[in-house]
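Remarks on the overall topology
One letter stands for each residue in the lines below.
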Amino acid sequence: MKDRPHDPRRLDVRRFAATAAQLQGCAGAGELPRLVADAPLAGGEGAEWSMRGEQRPGVAGEPEVWLHLQARAHVVLPCQRCLQPMTLPLQGARSIRFVDDEAEAERLDEELDDDVLATPARGRVDALALVEDELIFALPLVPRHDTCPEPLPAPADTARATEADAAPHPFAALAALKRGGRPGR
Ligand SMILES: [Zn+2]
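Okay, so let's go over this structure. None of the values given here were measured: they were computed from a predicted structure.

A word on the overall build of the protein. A count of helical and extended segments in the protein gives six helices and seven strands. Seen in sequence order, the protein has helices and strands lined up from the N terminus as β-α-β-α-β-β-β-α-β-β-α-α-α. When the 185 residues of the protein are sorted by exposure, 20% land in the buried category. Long-range pairs, those at least 24 residues apart, make up 58% of the contacts in the protein with a sequence separation of at least 6.

What follows is the structure in structure tokens.
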């Protein structure tokens, strides 16, 4: 029983922490449907992840249950300046403390700087979903090349575009960027 391998999809976080266990692996696109819906993985590579359990002495005697996650991946997104696809590295890390009930999790999450979640009934956590959350959180709001491969429109074009009609124009957004503005969000 004790030596059963840990399953990251149904992780027994208490046992994982109590034994200071570690796991690592590579998740393919099929395992990260929410991420790849927004940002496909580059070159058929998977996302590398690792996780580590830790038990810390608790204030009230009960030990604290911690899960430390790390994830890395490369995704492809359209550049918001030139609209060409670009490959971006994503990296995320998160330390989560698990407590027994939802109310306590909410209270501690507000009270402390710690990231606190409630352990689901039966103590099983989908830790790969947490890895996926972390990669989604690492997505840039406005992905852009440092230097775009295609030349941007000539200044004359952008000037005309900004002064012209109120109708949406693809160059208007580019002109805003050239003036140093940021689109939306
Ligand atoms: Zn670009």
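Turning to the nonpolar core, a few remarks are in order. In this structure, Val13, Ala47, Leu67, Ala127 and Val131 are the most contacted members of the largest nonpolar core, which totals 27 residues. Of all the elements, strand 4 (residues 64–78) adds the most residues to this core, at six residues. Aside from chain neighbours lying at most four places away, what touches Leu67 is Val13, Phe16, Ala17, Met51, Gly53, Ile96, Phe98 and Ala127.

Rules used in this analysis
Residues numbered from 1 in each chain as written. Predicted model: local features only at pLDDT ≥ 70, side-chain atom pairs only at ≥ 80, totals over all residues. Helix = DSSP H or I, 4+ residues; strand = E, 2+ residues; numbered from the N terminus. Buried ≥ 20, exposed ≤ 12 C-beta atoms within 10 Å, placed from the backbone. Contact = placed C-beta atoms within 7 Å. Core = buried A, V, L, I, M, F, W, Y, C linked by C-beta atoms within 7 Å.

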